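Results of the structural survey
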Amino acid sequence: LKSAFNKELVLTGKIPAAEGRLFNQLFSFRQDGDYKDFVQFDQIQIDLLFPQVKVLIDLLEDIIVNELR
């Protein structure tokens with residue numbers, strides 16, 4: 001998923017590089033949370049990510065809507 005996301009969306013310019021890096025960071029967090037033992041995430045750091053994640057979700061929604069037209 002991460003490779004396809006970067007290849008199809010970031011490298012084509014549909015998603016800016018900053019949001020691509022955010023996606024990769026979130027993907028790593030998910031991997032760590034699912035597969036490493038005793039992982040804890042800092043609440044302050046997570047709270048700071050929310051506005052960035054909202055931007056990424058909005059971009060993805062726009063891409064999906066435009067692809068369906």
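Parameters and conventions
- Residues numbered from 1 in each chain as written.
- Predicted model: local features only at pLDDT ≥ 70, side-chain atom pairs only at ≥ 80, totals over all residues.
- Heavy atoms only, no water.
- Core = buried A, V, L, I, M, F, W, Y, C linked by side-chain atoms within 4.5 Å.
- Buried < 20%, exposed > 50% of the residue type's maximum accessible area, 1.4 Å probe, protein only.
- Contact = heavy atoms within 4.5 Å.
- Phe/Tyr/Trp six-rings, centres within 6.5 Å; stacked < 30°, edge-to-face > 60°.
- Helix = DSSP H or I, 4+ residues; strand = E, 2+ residues; numbered from the N terminus.

One finds Phe5, Leu9, Val10, Ile15, Leu22, Phe23, Phe29, Leu49, Leu56 and Ile63 forming the largest nonpolar core, which totals 10 residues. Valine 10 has contacts with Phe5, Ile15, Ala17 and Gly20, leaving out every residue within four places of it along the chain.

Applying the stated criterion across every chain yields a total of 3 aromatic pairs. Measuring from ring centre to ring centre gives 3.8 Å for phenylalanine 5 and phenylalanine 23, while their planes differ by 15°; the resulting arrangement is stacked. Here phenylalanine 5, found in helix H1 (residues 2–10), pairs with phenylalanine 23, found in helix H2 (residues 17–35); they are 18 residues apart in sequence, far enough to count as distant. One aromatic cluster in this structure is built from Phe5, Phe23 and Phe27.

Bear in mind that shape data such as this cannot, by itself, settle questions of function.
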